[in-house]
Amino acid sequence: TFSDVLLFVLSDFFRKIFILQLAGLVLTYNFTDCDFEKIKQKYQKTIYNDLKEYMNGAKSTQFNSTVSCNNKSDCLAEIERLTFSAPRGCAPLAREAFALRTRATFALQCPGYSRTQTNNTQAAKKTKEREITTKKCLEQVSQLLGLWGRFCRTLWKR
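Reading guide: rules and limits
- Residues numbered from 1 in each chain as written.
- Predicted model: local features only at pLDDT ≥ 70, side-chain atom pairs only at ≥ 80, totals over all residues.
- Heavy atoms only, no water.
- Helix = DSSP H or I, 4+ residues; strand = E, 2+ residues; numbered from the N terminus.
- Expected span 1.5 Å × (residues − 1).
- Buried < 20%, exposed > 50% of the residue type's maximum accessible area, 1.4 Å probe, protein only.
- Disulfide = S-S within 2.5 Å.
- Salt bridge = Lys/Arg side-chain N within 4 Å of Asp/Glu carboxyl O.
- Core = buried A, V, L, I, M, F, W, Y, C linked by side-chain atoms within 4.5 Å.
- Patch = residues over 30% accessible without salt bridge, like charges linked within 9 Å, V, L, I, M, F, W, Y side chains within 5 Å.
- Areas by Shrake-Rupley, 256 points an atom, 1.4 Å probe, with all protein chains shown as cover.
- pLDDT = per-residue confidence, 0-100.
- Contact = heavy atoms within 4.5 Å.

The name that an unreviewed UniProt entry assigns to the protein is Thymic stromal lymphopoietin, with the source organism given as Microcebus murinus.

Following this line, the structure appears as structure tokens:
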């Protein structure tokens, strides 16, 4: 019957989605072999300015910082997660200059990092006008600023 076929198709569909989600959890990069000092330098030279430009005058203190990290590797994993996963109501941040520079920095300073490397000069040239920045996007970028700050502070505690 139709309902049996539909049930079979849907169960197969959800099984595949579950496997893909599980694979995504397994395939995350752990950032333990990165050159943390060079990542910090790149953040301070360019990524920080890109994040501040994105915020465009909004104060990061306007938002609740709910994301934290425990160590350098954990901070970078959280930064990657927030940078490359768009929250509801927010255009994907992955095309923003700070995201492109973050991806390029990780690719250069973390052996085996599998994200596609992007040239920094391409990141600076945005041909497409940015979509309207919503409060949700600003909140996410504010949390990124907090995570990057935490990452830099973990390097000073030697």
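The rest of the description comes next.
Since there are 3.6 residues in each turn of an α-helix, residues three or four apart along the chain are aligned in direction. A rise of 1.5 Å per residue sets the reference length of helix 4 (residues 97-109), with its 13 residues, at 18 Å; its end C-alpha atoms lie 18 Å apart and thus fit the reference within 8%. A large share of helix 4 lies buried, amounting to 11 of its 13 residues. Within helix 4, the full set of buried residues consists of Ala97, Phe98, Ala99, Leu100, Arg101, Thr102, Arg103, Ala104, Thr105, Phe106 and Gln109.

This next bit is on the state of the cysteines. According to the stated counting rule, one finds three disulfides in the structure shown. At a sulfur-sulfur separation of 2.0 Å, the disulfide partner of cysteine 34 is cysteine 110. Disulfide cysteine 34-cysteine 110: torsion about the S-S bond near 115°, hence right-handed. Taken as a pair, cysteine 34 in the loop between helix 1 (2-26) and helix 2 (36-55) and cysteine 110 in the loop between helix 4 and helix 5 (120-124) lie far apart in primary sequence, 76 residues in all.

Moving on, we come to the pattern of salt bridges. This model, assessed by the stated rule, comprises three salt bridges. One salt bridge in this structure joins aspartate 35 and lysine 38, with 3.9 Å as the shortest N-O distance. Ionic pairing is found between arginine 101 and aspartate 50, a salt bridge with its closest N-O pair at 2.4 Å. Taken together, the positions of arginine 101 in helix 4 and aspartate 50 in helix 2 put the pair 51 residues apart, joining distant regions of the chain. The same class applies to arginine 101 and to aspartate 50, which are both buried.

With a phi close to 60°, phenylalanine 31 is a non-glycine residue in the positive phi region. Along the chain, phenylalanine 31 falls in the loop between helix 1 and helix 2. What makes phenylalanine 31 buried here is its relative accessible area of 0%.

All right, on to the environment of arginine 101 then. For arginine 101, a relative accessible area of 12% corresponds to the buried category. On a C-alpha basis, the gap between arginine 101 and aspartate 50 in space is 8.9 Å, while along the polypeptide they are 51 residues apart.

Moving on: the nonpolar core. Counting 36 residues, the largest nonpolar core has Leu51, Leu76, Phe98, Trp148 and Phe151 as its most contacted members. If you list the elements that add at least two residues to this core, you get helix 2, helix 3 (72-84), helix 4 and helix 6 (135-156). Ranked by the residues each element gives to this core, the list is headed by helix 6, at 10 residues.

What follows deals with a nonpolar patch on the surface. On the surface, Val5, Phe8 and Val9 cluster together into a nonpolar patch covering about 310 Å² of accessible area. By the secondary structure assignment, valine 5 is in helix 1.

Across its 20 residues, helix 2 extends only 25 Å between first and last C-alpha, which sits more than 12% below the 28 Å expected from 1.5 Å per residue. Residues of helix 2 that are buried include every one of Phe36, Ile39, Lys40, Tyr43, Thr46, Ile47, Asp50, Leu51, Tyr54 and Met55, and no others. At the exit of helix 2 stands asparagine 56, carrying a positive phi of roughly 45°.

As a further point, take the confidence of the model for the protein. Mean pLDDT for the protein: 77, with 70% of residues reaching 70 or above. The element-level mean pLDDT for the protein is lowest in helix 5, coming to 37, with helix 2 highest at 95. Here residues 22-26 is a poorly scored stretch, pLDDT under 50, and it has zero contacts once near neighbours within four places are set aside; other chains count. Taken together, the stretch residues 116-131 has pLDDT below 50 and engages in 21 contacts with residues farther than four places along the chain or on a different chain.

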